[in-house]
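Single-letter residue listing:
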Amino acid sequence: MLPPSSFILAPLSAVYGGVMRARASLYAAGLFRTQRVEAPVVSVGNITLGGTGKTPLVEWLARALSSEGRRVCILTRGYGREKASRRVVVSDGERVLAEAREGGDEPRLLAEMLKDAGVAVLSDADRVAAARWAMENLQSELFILDDGFQHMRLARDLDIVTLDATDPFGGGRLLPRGRLREPIEGLRRAGAIIITRAEMAADLDALRAEVARLANTATPIFTSRLRTERVRLLSSATKKEEAEGDAALNLENDAISKSVEAVPQPVAAFCGVGNPEAFFAHARRDGQTLSYTCAFRDHHGYTQADVDALVAEARRHGARALLTTAKDAVKLRTLGFALPCYVVEVTVEFDDEERLLAVVRGAVGRREAEASRKS
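Summary of the structure given here. Because the structure is predicted, anything quoted here is derived from the model rather than measured. (Residues numbered from 1 in each chain as written. Predicted model: local features only at pLDDT ≥ 70, side-chain atom pairs only at ≥ 80, totals over all residues. Heavy atoms only, no water.)

1. Digging into helix α10 (residues 304-316)
Owing to its 3.6 residues per turn, the α-helix aligns residues three or four sequence positions apart on the same side.
Part 1 of the argument: For α10, spanning 13 residues, the distance from its first C-alpha to its last is 18 Å, which sits close to the expected 18 Å at 1.5 Å a residue.
Part 2 of the argument: When α10 is considered as a whole, its buried residues turn out to be D306, V307, L310, V311 and A314. Around the axis of α10, the buried residues are gathered within 130 degrees of arc, so they sit on the same side. Opposite its buried face, α10 presents the exposed residues A305 and R316, each directed more than 90 degrees away.
Part 3 of the argument: For α10, the elements touching its buried residues are β10 (267-271), β11 (290-295) and β12 (321-325).
Part 4 of the argument: Looking one or two residues past α10, G318 carries a phi angle of roughly 80 degrees, positive in sign. (Helix = DSSP H or I, 4+ residues; strand = E, 2+ residues; numbered from the N terminus. Expected span 1.5 Å × (residues − 1). Buried < 20%, exposed > 50% of the residue type's maximum accessible area, 1.4 Å probe, protein only. Arc of directions from axis to C-beta. Contact = heavy atoms within 4.5 Å.)

Structure (structure tokens):
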């Protein structure tokens, strides 16, 4: 039997679904205006609330397109930042310019990961205005729209939709009753679909068949897996106070890395991400022994009191270290830890990377060729 709250929320979900369908129809009919900028735009998004492994995909895509000689800029809303209405240049492609509290945790993480690739990162609710600003001031030539599937105002040349294999359809119910951000038929707008965390799928073949049934028949479907690239020791306020000279610089850059096997066991794992259970499962698959887990809300802003309470619970459960995600780590460096805290950095691997790159290059190339003809 469904809980009473589910029945209470059902009418609200029905209203929400009607609004989202009407909005999509108005954009499709041209009554709501979609605006195009003079550069290719590739969107990476999802249809559910919560983490779907989108950030590693955005990093991979930005690095791949930048390596081909383009000036790439990531456009993001920057959830969880202090002043959501402000435009924040998190990175200009050469320097990381904003902290997580100013630009958002995911934008800050992307800026750090992609600084060596020359990729800019902008946080702005108005992605159209941000793109035009970036073209004029940063000479950006290609845009990646982060979390952009429901943001229809900026025209895009390719819509990539990610589906988390552990919960691809958000329980099958729309917000607020479930986790679907729009009706499931929205998948038909996708130009490519990537099933993420395929290593955790209960039946990957069955899931692929269901996605193919729901999507446009011509939409290519890919699968990806998350792999731990390294585990590093978090630089915290306590460690910085103890460090001097070059050692302090290394700690500032979180440059101390260890293998998974070198992390003291057992550990207490914590995170503030959209799908915390996926992170905990990933850690266990890596061989970590989790004696305690703690999930904060997505984009949680940590305080010293949070950390002190975590350490106390970790010790009570016999943990010798803490374990968290790279997204959380960008908000933890100013805090002190009485236990060592390790950060899991992941990378994405595709079952058919070259085919996916061909789809992306095809969409980008068509847009570039169109712009060349007009000029």
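What follows continues from the structure just given.
2. Thoughts on the state of the cysteines
Cysteine pairs can be linked by a disulfide, which is a covalent bond between their two sulfur atoms.
Part 1 of the argument: All told, the structure shown has 0 disulfides when counted by the stated rule.
Part 2 of the argument: In this model C271 remains outside any disulfide bridge; the closest cysteine sulfur is found in C294, 8.4 Å from its own.
Part 3 of the argument: No disulfide involves C341; its sulfur sits 12 Å from the nearest other cysteine sulfur, which is in C271. (Disulfide = S-S within 2.5 Å.)

3. Topic: the packing of helix α2 (residues 54-66) against helix α4 (residues 105-114)
Part 1 of the argument: Contact geometry of α2 with α4 gives a least axis separation of 11 Å together with a crossing angle of 35 degrees. As α2 packs across α4, the resulting crossing turns out to be right-handed. Residues K54, T55, V58, E59, A62 and R63 of α2 form the contact with α4, whose own contacting residues are E106, L109, L110, M113 and L114.
Part 2 of the argument: Within the contact of α2 with α4, the residues separate by chemical class into 6 nonpolar, 1 polar and 4 charged. (Axes fitted to C-alpha atoms, helices over the stretch in contact; angles between N-to-C directions. Left-handed = near helix turned anticlockwise from the far one by under 90°. Nonpolar A, V, L, I, M, F, W, Y, C, P; charged D, E, K, R; others polar.)

4. Overview of unusual backbone geometry
Part 1 of the argument: A cis geometry characterises the amide bond from L175 onward to P176, with omega recorded as 0 degrees.
Part 2 of the argument: Structurally, P176 can be placed in the loop between β6 (158-164) and β7 (192-196).
Part 3 of the argument: For the bond from Q265 to P266, the omega torsion is -5 degrees, close enough to zero to count as cis.
Part 4 of the argument: Tracing the sequence through the fold places P266 in the loop between β9 (257-258) and β10.

5. Overview of the packing of α2 against helix α12 (residues 353-374)
Part 1 of the argument: Where α2 meets α12, the closest approach of the two axes is 12 Å, and the angle between their N-to-C directions is 70 degrees. Taken together, the axis directions place α2 and α12 in an arrangement best described as roughly perpendicular. Crossing hand, α2 versus α12: right-handed. Residues W60, L61, A64 and L65 of α2 form the contact with α12, whose participating residues are E353, L356, L357 and V360.
Part 2 of the argument: Split by residue class, the contact of α2 with α12 holds 7 nonpolar, no polar and 1 charged. (Parallel < 35°, antiparallel > 145°, perpendicular 65-115°, else oblique.)

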